[in-house]
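Commentary on secondary and tertiary structure
For reference, the chains in residue letters:
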Amino acid sequence: EIVLTQSPGTLSLSPGERATLSCRTSQSVTSTYVAWYQQKPGQAPRLLFYGASSRATGVPDRFSGSGSETDFTLTISRLEPEDFAVYYCQLYGSSPTYIFGQGTKLEI
Amino acid sequence: QVQLVQSGAEVKKPGASVKVSCKASGYTFTSYGISWVRQAPGQGLEWMGRFSVYNGHTDYAQKFQGRATMTTETSTSTASMELRSLTSDDTAFYYCARDRGTWVDSWGQGSLVTVSS
């Protein structure tokens, strides 16, 4: 079974800085099957990207998704106060199944 | 706009069953599947299964096979998820989400299920 590993577990940055969040898979995967979500406290997750780099409706362009094979990245170019949240990557795998990473907490 | 509205919080005793509902609006219900994802307090996301419109089947994560049942009622645009033989480890928020095949987009607000004696 494929394992997703997100790093770092916690990322401490300030507004205006650049954030780079990593999601690594234990085997090479099709980028079409990778998505990213944002979750704020007390809220449901929100889709940010699907197909690794396709931005969901309403997602600001300071967010970008990239990657291929085993390495995928979510980048926030200049952090806004509302961007501090937990971010999850997700892989659609065989069976079928969805696999989520353990999350990266982005904190001020 | 797409909305998924879930049923309210539940408190159940160990061994009992719970059924969570999810009413969809703002899109053609029969054109998309519904996935169910849960999140224990302070923990990450765990996919439980989904009804797929692509093959008309319901697929379950292995962990929930035989203990969860996911259904849809097209006349009311409502999806439901029943989980049986509850233990304290099942205490979690349960989310429904519109399934796009290889990702989910719109999410319900979540339903808290607490299992306690």
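Look up: the structure comes first, before these words.
None of the values given here were measured: they were computed from a predicted structure.

Let's talk about the overall build of chain A
- For chain A, the helix and strand inventory stands at zero helices and ten strands.
- Overall, chain A shows an N-to-C arrangement of helices and strands of β-β-β-β-β-β-β-β-β-β.
- The C-alpha atoms of chain A give a radius of gyration of 13 Å, which matches the 13 Å a tight globule of 108 residues would have.
- A principal-axis box enclosing the C-alpha atoms of chain A has dimensions of 40 × 25 × 25 Å.
- Sequence-distant contacts, at least 24 apart, represent 53% of the contacts inside chain A between residues at least 6 apart.
- The average position of the 8 basic charges and that of the 9 acidic charges among the side chains of chain A differ by 4 Å.

Some thoughts on the sheet that holds strand β3 (residues 18–25) of chain B
Residues and elements named next belong to chain B.
- Strand order in the open sheet formed by four strands is β1-β3-β8-β7, with antiparallel pairing between adjacent strands. Where the open sheet ends on each side, the last strands, each with one partner, are β1 (3–6) and β7 (68–73). Each adjacent strand pair in this sheet contributes to an overall mean axis angle of 20 degrees, direction not counted.
- Relative to strand β8 (residues 78–83), β3 runs antiparallel, the two being bridged by six bridges. When the sheet's bridge partners are listed, V20 is paired in β8 with M81.

Side note on the interface of chain B and chain A
- On the side of chain A, 17 residues touch chain B, which itself brings 19 residues to the contact.
- Around 1500 Å² of area is buried between chain B and chain A when both sides are counted, 65% of it from carbon and sulfur atoms.
- At the junction of chain B and chain A, the tally comes to zero salt bridges.
- Across the chain B-chain A interface, the total number found is nine residue pairs in polar contact (both at pLDDT 80 or more).
- Secondary-structure elements contributing two or more residues to the side of chain B that touches chain A are β4 (33–39), β5 (46–51), β9 (92–99) and β10 (104–107) of chain B.
- Looking at the side of chain B that touches chain A residue by residue, the classes come out as seven nonpolar, seven polar and five charged.

Structural notes on the pairing of strand β9 (residues 97–100) of chain A
All names here are of chain A.
- Residues of β9 alternate between two faces, with T97 and I99 on one and Y98 and F100 on the opposite face, all of them buried.
- In this structure, strand β8 (residues 86–93) lies alongside β9, joined through four bridges in antiparallel fashion. Following the sheet pairing, G93 is matched in β9 by T97.

What counts as what
- Residues numbered from 1 in each chain as written.
- Chains lettered and ligands numbered in written order.
- Predicted model: local features only at pLDDT ≥ 70, side-chain atom pairs only at ≥ 80, totals over all residues.
- Heavy atoms only, no water.
- Helix = DSSP H or I, 4+ residues; strand = E, 2+ residues; numbered from the N terminus.
- Rg over C-alpha atoms; globule rule 2.2 N^0.38 Å.
- Contact = heavy atoms within 4.5 Å.
- Lys, Arg positive; Asp, Glu negative; His and termini not counted.
- Charge placed at Lys NZ, Arg CZ, Asp CG, Glu CD.
- Pairing = 2+ DSSP bridges.
- Axes fitted to C-alpha atoms, helices over the stretch in contact; angles between N-to-C directions.
- Buried area = accessible area lost by both parts, 1.4 Å probe.
- Salt bridge = Lys/Arg side-chain N within 4 Å of Asp/Glu carboxyl O.
- Polar contact = N/O pair within 3.5 Å; in protein donor to acceptor, adjacent residues only side chain to side chain.
- Nonpolar A, V, L, I, M, F, W, Y, C, P; charged D, E, K, R; others polar.
- Buried < 20%, exposed > 50% of the residue type's maximum accessible area, 1.4 Å probe, protein only.

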